[in-house]
Amino acid sequence: MLLKDFLIAKGTEKKLAELILFLGEQAREVKKGFLATVKTGNAGEKTRNIYGEEQMALDKYSDGVFISGLKKARLVRFIATEEQDRIIEINNPKNNFGIVIDPLDGSSLIDVNLCVGTIIGIYPGHVLDAGRNMIAALYILYGPLTTLTLTTGKGVHEFVMDGNGEFVLRQENIKIPEGKIYAPGALRKDYLPAHARWIESLEAAGYKLRFSGSFVADVHQILHKGGVFTYPGFKGKEKGKLRLLFEANPMGKIIHEAGGMISNGKADILGITPQAINDRTPIYIGGKKEITQIETFMCEP
Ligand code: F6P
Ligand code: MN
């Protein structure tokens with residue numbers, strides 16, 4: 001079943017369905033852009049792509065695709081992206097939606113041809129709102145296959161891009177299984193005490209380490225195989241590295257819908273009202289069991 005037909009079959013509100021389909025089309029453009037940035041020649045020529053054009057970093061390119069597309073289509077009122085330092089307000093928008101975008105998460109892995117993705121959250125209005133008020137969240141993963149994982153608050157569903165660039169249903173109602181994978185960010189020498197004790201307990205319980213350097217890809221693996229991803233607060237950076245708006249909230253909404261949890265170690269991240277678009281947060285995301293455990297460790301003296 002095509003994404004378009006799926007959205008109709010699920011009774012998705014028309015304006016929201018139109019926006020989701022539009023975002024899928026933009027992802028197809030981003031994917032096309034990958035080829036245009038393939039480097040050729042020796043190191044001295046590395047600013048030119050295979051067409052001999054000056055090369056643009058792919059995260060900036062992806063940002064441009066989403067922003068210029070959304071400006072033209074006027075399907076949202078507010079746009080916040082990880083690449084921009086302020087919220088863009090569209091003139092004369094057709095809808096009141098606010099959208100948050102991490103245009104290319106894991107972009108440090110592009111050079112080595114590992115999995116990267118686009119993360120998106122959609123709000124009914126302004127984006128400086130708690131994650132639990134999102135009306136939809138999705139991510140597109142550019143891996144061996146290009147997949148789109150979506151929630152509109154009625155389960156989590158995955159689509160795969162076919163040879164015509166259309167998204168076709170691959171798996172409906174995904175639920176996070178029990179699993180023993182852990183993906184721990186930050187340096188062990190900088191761990192805070194409760195976090196260090198929790199990591200030790202996972203290792204003692206036989207959890208296997210899987211950390212790629214691409215948050216979206218690592219959480220995608222956890223969604224399908226179970227376990228937990230964390231980028232904690234650490235010595236010198238107690239708020240951690242990842243962003244509340246662009247990374248934590250949309251992925252948290254999806255994992256929550258799949259029966260998992262997201263926490264900053266003490267409370268549900270989806271309940272936090274952001275102060276600024278670039279707020280950072282410690283992240284624990286994955287199975288209920290693991291997230292409940294870290295919250296217990298954090299409470300202990
Ligand atoms: O967007 C930030 C990011 O690239 C995430 O995708 C990833 O989980 C993290 O940074 C990796 O950080 P580090 O290089 O510190 O392991
Ligand atoms: Mn990112």
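Structure shown above.
The following refers to the structure shown. Just so it is clear, the structure is predicted and the values come from calculations on it, not from any experiment.

On a plain count of helices and strands, the protein chain comes out with seven helices and 13 strands. For 301 residues, the compact-globule estimate of 2.2 N^0.38 gives 19 Å, and the protein chain sits close to it at 19 Å. Over its C-alpha atoms, taken along the principal directions, the protein chain stretches across nearly 55 × 55 × 35 Å. For the protein chain, buried positions account for 51% of its 301 residues. Long-range contacts, defined here as pairs at least 24 residues apart, represent 60% of the contacts in the protein chain between residues at least 6 apart. As displayed, the protein chain has an accessible area near 13,800 Å², and 51% of this comes from carbon and sulfur atoms. Separation of charge centres in the protein chain, based on 38 positive and 35 negative side chains, amounts to 1 Å.

Here the structure, examined in full by the defined rule, presents six aromatic pairs. Note on Phe211 and Phe229: the rings are 5.9 Å apart at their centroids and 20 degrees apart in plane angle, and the pair reads as stacked. Highlighted residues: Phe211 in the loop between strand S10 (208-209) and helix H5 (215-225) and Phe229 in strand S11 (residues 228-231), separated in sequence by 18 residues. For the ring pair Tyr231 and Phe234, a centre distance of 6.4 Å and an interplane angle of 55 degrees mean the geometry is tilted.

What follows deals with the packing of helix H2 (residues 14-36) against helix H3 (residues 58-73). At a minimum axis separation of 10 Å, H2 and H3 run at an interaxial angle of 145 degrees. The chirality of how H2 crosses H3 is right-handed. The residues of H3 that touch H2, namely those facing Leu19, Phe22, Leu23, Gln26, Ala27, Glu29, Val30, Gly33 and Phe34, are Leu58, Tyr61, Ser62, Val65, Phe66, Gly69, Leu70 and Ala73. Class assignment for the residues of the contact of H2 with H3 results in twelve nonpolar, four polar and one charged.

Within the open sheet, the five strands sit side by side as S10-S9-S11-S13-S12. Their pairing is mixed. The open sheet terminates on both sides in strands that have one partner only, identified here as S10 and strand S12 (261-263). Summarising the sheet, strand S9 (residues 181-184) and S10 pair through two bridges and their orientation is parallel. Within S10, the residue paired with Ile181 across the bridge is Lys208. The sheet contacts of helix H6 (residues 244-257) involve S12 and strand S13 (283-286), and relative to S13 the element is tilted by about 25 degrees.

Every residue lining ligand 1 is accounted for by Asp105, Gly106, Phe211, Gly213, Ser214, Phe215, Phe229, Tyr231, Lys241, Leu242 and Glu247. Lys241 is positioned with one of its side-chain polar atoms (N or O) 3.0 Å from an oxygen atom of ligand 1. Glu247 places a polar side-chain atom, nitrogen or oxygen, 2.7 Å from an oxygen atom of ligand 1. In the complex, 73% of the free accessible area of ligand 1, which totals 400 Å², lies under the protein chains.

For strand S5 (residues 136-142), the buried fraction is high: seven of the seven residues fall into the buried class. The alternating pattern of S5 places Ala136, Leu138, Ile140 and Tyr142 on one face and Ala137, Tyr139 and Leu141 on the opposite face, and all of these are buried. Sheet topology places strand S4 (residues 116-123) next to S5; seven bridges connect them, and they run antiparallel. Within S5, the residue paired with Gly117 across the bridge is Leu141.

This part takes up the sheet that holds strand S6 (residues 146-151). Strands sit in the order S2-S1-S3-S4-S5-S6-S7-S8 across an open sheet of eight strands; the sheet is mixed. In the strand order of this sheet, the two ends are held by strand S2 (88-89) and strand S8 (167-171), each with one partner. Across the sheet, H3 is in contact with strand S1 (78-81), S2, strand S3 (98-105) and S4; its angle to S3 comes to roughly 155 degrees.

Parameters and conventions
- Residues numbered from 1 in each chain as written.
- Chains lettered and ligands numbered in written order.
- Predicted model: local features only at pLDDT ≥ 70, side-chain atom pairs only at ≥ 80, totals over all residues.
- Heavy atoms only, no water.
- Helix = DSSP H or I, 4+ residues; strand = E, 2+ residues; numbered from the N terminus.
- Rg over C-alpha atoms; globule rule 2.2 N^0.38 Å.
- Buried < 20%, exposed > 50% of the residue type's maximum accessible area, 1.4 Å probe, protein only.
- Contact = heavy atoms within 4.5 Å.
- Areas by Shrake-Rupley, 256 points an atom, 1.4 Å probe, with all protein chains shown as cover.
- Lys, Arg positive; Asp, Glu negative; His and termini not counted.
- Charge placed at Lys NZ, Arg CZ, Asp CG, Glu CD.
- Phe/Tyr/Trp six-rings, centres within 6.5 Å; stacked < 30°, edge-to-face > 60°.
- Axes fitted to C-alpha atoms, helices over the stretch in contact; angles between N-to-C directions.
- Left-handed = near helix turned anticlockwise from the far one by under 90°.
- Nonpolar A, V, L, I, M, F, W, Y, C, P; charged D, E, K, R; others polar.
- Pairing = 2+ DSSP bridges.
- Near = heavy atom within 4 Å.
- Polar contact = N/O pair within 3.5 Å; in protein donor to acceptor, adjacent residues only side chain to side chain.

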